[in-house]
Amino acid sequence: MSGPALLTIEDVVVELPTPRGNLRAVDHVDLSLGAGRTLGIVGESGCGKTMLSRAILQLLPKKAKLSGRVIFDGQDLVRLNAEALRRLRARGIAVVFQDPMTSLNPVLTIGTQLVETLQEHLELDAAAARRRSAELLAAVGIPAPEQRLSQYPHQLSGGMRQRVAIAIALSCEPKLLIADEPTTALDVTIQAQILDLLAREQRRRHMAMILITHDLGVVAGRADEVAVMYAGRVVERAPTPALFKNMHMPYTAALLAAIPKIEAAPHTPLAAIPGRPPDQTRPLKGCSFAPRCRNVGDQCLRSKPALTTAETEGHCYACFHPLKISAGVSA
Amino acid sequence: MHGNPTIVARDPLLKVENLVVEYPIGARTVHAVSDVSLEIARGETLGLVGESGCGKSTLGRAVLQLRRAKSGRVLFDGADLTALQGDALRKMRHRVQLIFQDPIASLNPRRRIGDIIAEPLVIAGVKDAKKRRELVCETLSAVGLDPALVVGRLPHEFSGGQCQRICIARALVLNPEFIICDEPVSALDVSIRAQILNLLEEMKQRFALTLLFIAHDLAVVKAVSDRVAVMYLGRLCEVGPSAQLFDKPAHPYTALLIEAIPVPDPDVRPAESVAVGEPPSPMAPPSGCRFRTRCPRADAKCAAEVPELRPVASGQYVACHHPLI
Ligand SMILES: Nc1ncnc2c1ncn2[C@@H]1O[C@H](COP(=O)(O)OP(=O)(O)OP(=O)(O)O)[C@@H](O)[C@H]1O
Ligand SMILES: Nc1ncnc2c1ncn2[C@@H]1O[C@H](COP(=O)(O)OP(=O)(O)OP(=O)(O)O)[C@@H](O)[C@H]1O
Ligand code: SF4
Ligand code: SF4
Ligand SMILES: [Mg+2]
Ligand SMILES: [Mg+2]
């Protein structure tokens, strides 16, 4: 990645107390992201994608234990006080969740929610804030924005609600937008519209974005870089073209292979990954993917593979027996 | 008139004729399923796709008579289910089962897995407890679960994928002929999704099942279906053999659904805004073709006349005034 990073995450660990013992949801993660760039974070349910984004936002559950550093725009967020954090969240980092109802207030109109956010953070007067709200709704593709301002979230479709949540997130001109499965709950046609919208606004605002999903198909055409997570760890990270050309982690390849291919003939058996991710309150001694991995060897059961740099710039993987590194390919 | 006599499946097990299902809401009406006709051959998997709210689940529930149709007929193995009541309907229902989208929510959290799977047997009048236990164990093994480790436990002790296996076992235990799978993998991860789809295919072969497979993910539907039916706002747009329909879609809506599938290849740039607009309200569907408010080919005829389903290619039918082929 070129240029100074907007966001750098160093050695972040998130632990959650559970009745079964401590659960390590995020396990020594390092990442960095430049201004205006998109990082895709991919992995199965429970691998820690949301906990990692909540660690960046400093919005972890109360009982959670966080260690490591989250440096945004030169400041370590882990060490900021509550007031500084509030300001930063308002102007620097915004978030869009899978379920837009988690960020929308069901008893307030769309207009009230937008106007309040704008007035609080941009110090606009009421009339200017209302004008700006309508502009924002128009920008996210909501027809008849003036009328929509007086509607409540439940009066809108799921796709429209997600557009409103995006409008609110964009209203404060953030430098970084975290989109946590923003389209998982939506239909394919609406999914494509929302992803297009995010890409367009990102380009226009030169905003950085973290796009979280469990679908490699979603990040393929839309992220500059991809980090694959498994059981709390980043197990492979690379510029998107390099990753798809030359996957090193058996897990990444298995995730890709499991997707039904539109060009495959009907009734072609799918390449399922056997088993399921490990219980993170009972960490394995070796590689956490070992019980499901085809390439597993003795060493995999004895020790954890560290994230190592591959031959291509910016490509790292954590595996003792990486997939054949195809000759002559360079991204 | 009886539907579209042209869409004839060989040896149909299920025939849906001119089915209309509506939900009254106050003084208004949700037109959930409007004049839908289709057939499913014995041993066939028919995939049913369409956006949220287009009426897929309503159609499935109306086939099972869990929601009574306003008009139209549902013929299962020759018998009109819409005319059946009480015992006769209950008997027929043993031959038809339903699998839901949310596997965890569809299992009673306070009952043990063994009892959950035995329940259909109890309802069907299998009085011999030993026989019931045998059938439960056989079915659990068939779906890849170890009966000894599973029967005594509660649903919350299982993952989503395991719960879906349990639901499949519950649907199979009465040895049905026909299963309606209503978004059986939508709530699951890619990796577990592939496991469950493979399992459904295997069960279909092993138990000689006929399936109606409902989903909103076209790639998933193609993976398991012999034929695919595309629905939009309560009406059928297109029906045809899976491979053919994906290769040469005839309906603009089918083409749009195919284009919107994210492709896991960074060299394939996602087409910008292939899909414009959102589906209109099913309480006030557009006149003529219901897709016309989002269709790039729409003209005056599309607003004036409802397009009838008609053949465009071998086995492929489309309801469109200006089809793509
Ligand atoms: N409040 C909580 N208390 C305890 N454990 C939690 C809590 N929230 C999440 N977890 C656990 O932390 C781990 C990581 O969860 P996280 O929500 O980050 O996963 P995810 O990758 O976002 O999954 P999904 O794709 O399902 O959203 C999981 O094992 C989860 O069960
Ligand atoms: N019990 C009900 N009362 C009133 N309206 C209903 C009821 N059930 C469904 N509807 C409406 O009927 C229409 C069809 O709904 P249905 O659940 O059949 O769609 P679907 O295609 O299964 O959608 P999804 O993909 O979201 O499951 C929708 O507009 C829905 O809001
Ligand atoms: S380290 Fe071993 S078990 Fe882990 S992914 Fe690599 S080959 Fe598989
Ligand atoms: S009938 Fe007209 S509006 Fe409907 S799909 Fe065909 S061209 Fe489009
Ligand atoms: Mg999450
Ligand atoms: Mg449904």
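**Examining the site of ligand 2**
Residues and elements named next belong to chain B.
And then number 1: Of all residues adjacent to ligand 2, which total 14 residues, the nearest are Ser 52, Gly 53, Lys 56, Ser 57 and Thr 58.
And then number 2: Within the side chain of Lys 56, a nitrogen or oxygen atom sits 2.9 Å from an oxygen atom of ligand 2.
And then number 3: Thr 58 is positioned such that a nitrogen or oxygen atom in its side chain is 2.4 Å from an oxygen atom of ligand 2.
And then number 4: For ligand 2, whose accessible area on its own is 630 Å², the fraction buried by protein is 65%.
And then number 5: Counting atoms within 2 Å of the grid points, the majority share of ligand 2 lands in the second largest pocket.
And then number 6: Every element with two or more residues in the shell around ligand 2 is listed here: β1 (12-25), β2 (28-41) and α1 (56-63).

**Observations concerning the pattern of salt bridges**
And then number 1: All chains considered together, the criterion is met by 35 salt bridges over all chains.
And then number 2: A salt bridge links B:Glu134 to B:Lys130; the shortest N-O distance between them is 3.7 Å. With B:Glu134 and B:Lys130 both in helix α4 (residues 129-142) and four residues apart, the pair spans about one turn of that helix.
And then number 3: Among the residues examined, B:Glu134 registers a relative accessible area of 40% and is labelled partly exposed.
And then number 4: You can call B:Lys130 exposed: its relative accessible area is 56%.
And then number 5: What you see here is one network of salt bridges that share partners, running through A:Arg132, A:Glu135, A:Glu173, A:Arg200, A:Glu201, A:Arg204 and A:Arg205.

**Examining the domain arrangement of chain A**
Residue and element names in this part refer to chain A.
And then number 1: Parsing chain A into structural domains produces domain 1 (33-55 + 83-226) and domain 2 (231-331).
And then number 2: Look at where the C-alpha atoms of domain 1 and domain 2 centre, and you get two points 31 Å apart.
And then number 3: Taken residue by residue, the interface counts 14 residues in domain 1 and 19 residues in domain 2.
And then number 4: Both sides of the domain 1 and domain 2 interface together cover about 1100 Å² of buried area, and 55% of this is carbon and sulfur.

**Topic: the site of ligand 4**
And then number 1: Neighbouring ligand 4 are 13 residues, the closest being B:Cys289, B:Cys295, B:Cys302, B:Cys320 and B:His321.
And then number 2: A per-class count over the shell around ligand 4 returns eight nonpolar, three polar and two charged.

**Concerning the interface of chain A and chain B**
And then number 1: Each partner contributes residues to the interface: chain A has 46 residues there, and chain B has 46 residues.
And then number 2: Together chain A and chain B conceal approximately 3600 Å² of surface at their shared face, both sides included; 58% is due to carbon and sulfur atoms.
And then number 3: On inspection of chain A and its partner chain B, the count reaches zero salt bridges.
And then number 4: In this assembly, chain A and chain B are joined by 14 residue pairs in polar contact (both at pLDDT 80 or more).
And then number 5: Take the side of chain A that touches chain B: its biggest share by element is eight residues, from helix α7 (residues 188-205) of chain A.
And then number 6: The residue makeup of the side of chain A that touches chain B, split by class, is 23 nonpolar, 13 polar and ten charged.

**Details of the layout of surface pockets**
And then number 1: Roughly 930 Å³ of volume is contained in the second largest pocket.
And then number 2: Around the second largest pocket, the lining comprises 34 residues; the ones closest to its centre are A:Ser157, A:Gly158, B:Ser52, B:Glu278 and B:Pro279.
And then number 3: Going through the elements one at a time, α6 (158-170) of chain A together with β2 and α1 of chain B are the ones with two or more residues in the lining of the second largest pocket.
And then number 4: For the lining of the second largest pocket, the class distribution of residues is 13 nonpolar, 15 polar and six charged.

**Looking at unusual backbone geometry**
Excluding glycine, residues mostly carry a negative phi; peptide bonds, for their part, are mostly trans.
All names here are of chain A.
And then number 1: The phi dihedral of Glu 123 is positive, around 50°, even though this residue is not glycine.
And then number 2: Within the secondary structure layout, Glu 123 lies in the loop between α3 (110-122) and α4 (126-139).
And then number 3: With relative accessibility at 72%, the residue Glu 123 sits in the exposed group.
And then number 4: Although it is not a glycine, His 206 sits at a positive phi angle of roughly 50°.
And then number 5: Locating His 206 in the fold gives a position in the loop between α7 and β8 (208-213).

Calculation notes
Residues numbered from 1 in each chain as written. Chains lettered and ligands numbered in written order. Predicted model: local features only at pLDDT ≥ 70, side-chain atom pairs only at ≥ 80, totals over all residues. Heavy atoms only, no water. Near = heavy atom within 4 Å. Polar contact = N/O pair within 3.5 Å; in protein donor to acceptor, adjacent residues only side chain to side chain. Areas by Shrake-Rupley, 256 points an atom, 1.4 Å probe, with all protein chains shown as cover. 1 Å grid on protein atoms, 1.4 Å probe; cavity = no way out; pocket = protein on both sides within 12 Å on 5 of 7 lines; lining within 4 Å. Sits in = over half its atoms within 2 Å of the grid points. Helix = DSSP H or I, 4+ residues; strand = E, 2+ residues; numbered from the N terminus. Salt bridge = Lys/Arg side-chain N within 4 Å of Asp/Glu carboxyl O. Buried < 20%, exposed > 50% of the residue type's maximum accessible area, 1.4 Å probe, protein only. Domains from an automatic or database assignment. Contact = heavy atoms within 4.5 Å. Buried area = accessible area lost by both parts, 1.4 Å probe. Nonpolar A, V, L, I, M, F, W, Y, C, P; charged D, E, K, R; others polar. Points joined across faces, edges and corners; volume = space filled by probe spheres on them.

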